[in-house]
Amino acid sequence: MSDQPSSLYGDQPETPRPKAPGLLDQIVGLFTAPVDLFKQLNKAPSWGWAMGALIVAGLVITVIWGLKVDVEEMIRPALERNPQIQSAQIDMIIEMQKKIILPIGILFALLGTPAVMALVALFYWLIGKAMPEGEPPSYPQALSAVAVTSLVKLPQMLLLAIICLVRPIGGLTPDKIAPTSLGYFLHVENLKLHAFLYTLDLFYLAEAVLAYLALRYLVRMKPAGALLCVLLPMAFAIGLRLLGAK
């Protein structure tokens, strides 16, 4: 008697389902053969391990940074430049921020990270259905594209954690600690221009390139759609950063 499973149509064996790459395979493939990895994920989407790894890494950095950052040095200059805040209120605001900065950071790492990924994946999925190259994508494929490409930031997150542990960081926010952006090396007086220079980050740009490849080979989206999905979120994120530079 044959050990092969039978299909509904007789004794013809069913085609085995492709096996999704594990977390280590995803990380290695992302840095060595991203196109091959995305083609494999197209057949077997996987996002849980990647999302979990990023949540854990985010939690580690949040706790280490939150315990070492000088909250007063970080926010006092911005508060003093704000004409709507009276000088008598500044100390009270700083004390309140010292109490809530770590809990809010932990909450965002736990809930904000997956929520943002889910929303970006929804955007990818909708554009993919409108501009497919072949069969329309599934939502798990879109979510895999978001989660797995974000793994490229793991080396930067490890670097941030090490820097926070080994030296004082003053009032620096996490995006300003590691020497991976132009903003780290070029200091200009204009706050918005300086904020823009921080967006020119090696890992941020690498993630954008990998997102384009994932949209082409994992989500199977037309080039115009893939470019739209990369540029719109990037413009939105840069815009928010510039608005917050005060």
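This structure is a prediction, so every number in the text was calculated from the model and none was measured. (Residues numbered from 1 in each chain as written. Predicted model: local features only at pLDDT ≥ 70, side-chain atom pairs only at ≥ 80, totals over all residues. Heavy atoms only, no water.)

Let's shift gears to the pattern of salt bridges. When the charged atoms of two side chains lie near each other, side chains of opposite charge can form a pair. What the rule picks out here adds up to eight salt bridges. A salt bridge links Arg76 to Glu80; the shortest N-O distance between them is 3.6 Å. In this pair, Arg76 and Glu80 are both assigned in helix H4 (residues 71–81), four residues apart and thus about one turn of the helix distant. Note on Arg76: relative accessible area 21%, which makes it partly exposed. Measuring nitrogen to oxygen at the nearest pair gives 3.0 Å for the salt bridge that ties Glu133 to Arg216. Separated by 83 residues along the polypeptide, Glu133 in the loop between helix H5 (87–130) and helix H6 (139–150) and Arg216 in helix H10 (residues 202–217) bring together distant segments of the chain. The class for Glu133 is partly exposed, based on a relative accessible area of 29%. Among the charged side chains, a salt-bridge network with shared partners connects Glu72, Arg76, Glu80 and Asp91. (Salt bridge = Lys/Arg side-chain N within 4 Å of Asp/Glu carboxyl O. Helix = DSSP H or I, 4+ residues; strand = E, 2+ residues; numbered from the N terminus. Buried < 20%, exposed > 50% of the residue type's maximum accessible area, 1.4 Å probe, protein only.)

Turning our eyes to something else, we now look at the side chain of Thr199. As for its placement among the helices and strands, Thr199 is situated in helix H9 (residues 191–199). Residue classification places Thr199 among the buried positions, given a relative accessible area of 9%. Apart from residues lying up to four places away in sequence, Thr199 is in contact with Tyr204, Ile238 and Arg241. (Contact = heavy atoms within 4.5 Å.)

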